[in-house]
Amino acid sequence: MIGRLSAWALPDGRSLGSELLIGLTLAVVVLPQAIAFSTTLAGLPSYFGIYCAIWGVLFSALLNPSRVFHGGPNSTQSAVVGVTLLPVAPQFGPDYIGCALTLFLLAGLIQLLFLAIRPLGRMLDFVSEPVANGMICGIGVYMILKSFPTFAGLPVNTQVEWRLWIAWQSFLAVLEIGNMHAIHIGLLTLVVTIVARQFQALRNWGILLGILAGTLYSQYLNAHFGLGETLVEQTANISPAGFVYPSLPLFAQEAMPDIIGIIPGAVTLALLGLFQTVAAMRMMNRKSGQFVDARHGIFADAVSNCVLPFISALPTCASFNRMSLMQAMNTGSRIAAASSALFLLALVSFFGQYIAIIPVPAMAAIIMVVGANMIDWSDIRAHFEHRPEAIVFSASFLSVHIFGLFGAVICGSLLALAYAKWEKAHPNVNLEGNVLRIRGNIYYGSLPVIESLYHRANNDPRFEELVVDFSAVHHIDPEGIRWLADVGKNDKVRLADRRSGQDRRGGQRGRPSGPNRKDRRRRQAL
């Protein structure tokens, strides 16, 4: 309870105004993402994304004690929604919306299983740091590439596949038919944001200043040339959406074939959200110096996603880009995340007409800045100092663009497990004189490596006696114990005591005392 309350308290020297400014910035950043993810990826009305950015973020802030956790709408989850439901019904229609709500609820219930069955939740911890960093950088690059069309005033590419060639085609379209007025607005927003962030006093205001500059310039262009000439798209007025839109998931008998058909999509949606939440929390725990058990994140996601379908909201999970932004702005309290939801609610309710004039290219420029913040060389550099980690990181990074985020998690996790098993299967075994020293584990996977050197040493005529020293062995499985027992029957071989280094057969036969009792039990097992 004390830990939960302390996450709301402001650290020493930090003002409430700073946390509220971070919250306002997050609200401005999540607004275009919520609209774009909902309409262009999930095929749902924009209020689905808005409600998720308000209530999903607020629920997460209340249920998750992490100071830097920020939930809400997610691009990959929204893409999964579109891919799953496209074969079921036409987008934006009542059948499509009903199936979408059912899909969200099923995903929330599946996430509850990961919370109730602890071994399932423990499996999520196999997402290692190179995997998480590879995913983060991959998503950052993807967000930059994906923003090119809207940055240049072109229609949003509604294809949901994560393919590099789609981004390349979008880039070529920008060069060939890009709207120069939109490009100027986007560039001005980028320049003002980047320049403002170079000054410590303006750093946290950078994004807001960038959007303000882009909006003012857009208004100037529209006043000078006319909106029909500039063709710069503006954000839609979302104030009629209101606070909530109550709804019920579809569970009619005639819809059961469709519901059964979307169960695999629900499993994918649930796992994708949990993978991102666990990976993001582990990453931010290390950066913030705070430890929060990932099960809190699973709990927050599962409970929120069981409630959100009843108020017409997209499912929520951790957002790498917004959490990176919170970390970059040095947030120190959950007040920032909670206030971002309340700021967005106020913006939608009272300033919808002003939000409506923000140009879409300025929003795209901000998404590019957020994507660039996710690529931090100080996090990446350590992985390239170790070849296996570099392979895992690179594979996760590339998999995001080749197989999608879910494929990247699976690919990276398999590589991380393979690397761990490879390390355990290759213990440090060396021969110093007539002493064969084993450092590592003796188990079925490492025995071929150990036995190879053991047999060479045993057949070496130079040694009349061979000592097998396994005092630095951490783990021995039953097969390893049987191998050691067979080695002990060899008259030429002496086994070194695990702790004292004494000859196992030539040591004292007396009753051990004190701390040696554990050693005696070990020798008896052998």
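Numbering of residues starts from 1 in every chain and runs along the sequence as written. With the structure being a predicted model, the display of local features is reserved for residues of pLDDT at least 70 and the display and counting of side-chain atom pairs for 80 or more, all residues being used for whole-chain, interface and lining totals. Hydrogens are left out, water is left out, and the side-chain values use all remaining heavy atoms of the structure.

Trainee: I'd love a proper account of the packing of aromatic side chains, names of residues and values included.
Mentor: Classification of ring pairs uses Phe, Tyr and Trp, with its six-membered ring standing for Trp, and accepts pairs whose centres are within 6.5 Å; under 30 degrees between planes counts as stacked, over 60 as edge-to-face, and the remaining range as tilted. This model, assessed by the stated rule, comprises 8 aromatic pairs. Note on F384 and F393: the rings are 5.5 Å apart at their centroids and 75° apart in plane angle, and the pair reads as edge-to-face. Working definition: with a 1.4 Å probe on protein chains only, accessible area under 20% of the residue-type maximum means buried, over 50% means exposed, and in between means partly exposed. When its relative accessible area of 43% is taken as the criterion, F384 is described as partly exposed. Judged by centre distance (5.5 Å) and plane angle (80°), the rings of Y454 and W483 are edge-to-face. With Y454 in helix α23 (residues 447-458) and W483 in helix α24 (residues 478-488), this residue pair connects regions lying 29 residues apart in the sequence. Here the two residues Y454 and W483 agree in accessibility, since each one is buried. Strands here mean DSSP runs of E at least two residues long; helices mean DSSP runs of H or I at least four residues long; both are numbered from the N terminus.

Trainee: Could you give an account of the packing of helix α10 (residues 180-197) against helix α19 (residues 360-373), naming the residues involved and the relevant values?
Mentor: Orientation is described by lines fitted to C-alpha atoms, with helices fitted over the stretch in contact, and by angles between N-to-C directions that extend from 0 to 180 degrees. Between α10 and α19, whose axes approach to 8 Å, the crossing angle comes to 40°. Comparing the axis directions of α10 and α19 gives the class oblique. Relative to α19, the crossing made by α10 is right-handed. Between α10, through A182, I185, G186, T189, L190, T193 and R197, and α19, the contact on the second element is made entirely by P361, A362, A365, I366, M368, V369 and N373. All residues other than Ala, Val, Leu, Ile, Met, Phe, Trp, Tyr, Cys, Pro, Asp, Glu, Lys and Arg, Gly among them, are scored as polar; the first ten of these are nonpolar and the last four charged. Here the contact of α10 with α19 is built from residues that sort into 9 nonpolar, 4 polar and 1 charged. We call two directions roughly parallel when the angle between them is under 35 degrees, roughly antiparallel when it is over 145, roughly perpendicular when it lies between 65 and 115, and oblique otherwise. Here a crossing is taken to be left-handed if its near helix is turned anticlockwise relative to the far helix by less than a right angle, and right-handed if that turn runs clockwise. Here, two residues are considered to be in contact whenever any of their heavy atoms come within 4.5 Å of each other.

Trainee: Provide a residue-level description of helix α15 (residues 294-307), including the pertinent values.
Mentor: Taking 1.5 Å of rise per residue, the 14 residues of α15 would be expected to cover 20 Å, and the 20 Å separating its terminal C-alpha atoms lies within 8% of that figure. A294, G297, I298, A300, D301, A302, S304, N305 and C306 are the residues of α15 that are buried. On its buried face, α15 sits against α3 (46-63), α5 (94-116), α6 (118-123) and α14 (263-288). Structurally, the start of α15 carries an N-cap: the backbone nitrogen of R295 is 3.0 Å from a side-chain oxygen of D293. Every helix has an expected span of 1.5 Å times one less than the residues it contains. Two N or O atoms count as a polar contact when they lie within 3.5 Å, although within protein this holds only if one can serve as hydrogen donor and the other as acceptor, and sequence-adjacent residues are included solely when both atoms are side-chain atoms.

Trainee: Describe unusual backbone geometry, naming the residues involved and giving the relevant values.
Mentor: Its identity as a non-glycine residue notwithstanding, L231 has a phi of 55°, on the positive side. Examined against the element boundaries, L231 turns out to sit in the loop between α12 (227-230) and α13 (256-261). Look at L231 and you get exposed, because its relative accessible area is 59%. Phi is positive for S312, close to 60°, though the residue is something other than glycine. What makes S312 buried here is its relative accessible area of 2%.

Trainee: Account for the nonpolar core, naming residues and giving values.
Mentor: Counting residues in each nonpolar core, the largest one holds 100 residues, and the members touching the most others are L44 and F104. Here this core gets 13 residues from one element, more than from any other, and that element is α14. Excluding its chain neighbours within four sequence positions, the residues that come into contact with F104 are L44, F48, V81, L269, N305, P309, A313, L314 and P315. We call a set of buried Ala, Val, Leu, Ile, Met, Phe, Trp, Tyr and Cys residues a nonpolar core when their side-chain atoms join them within 4.5 Å. Core analysis: the second largest hydrophobic core is formed by 19 residues, I438, I442, W483 and L484 among them.

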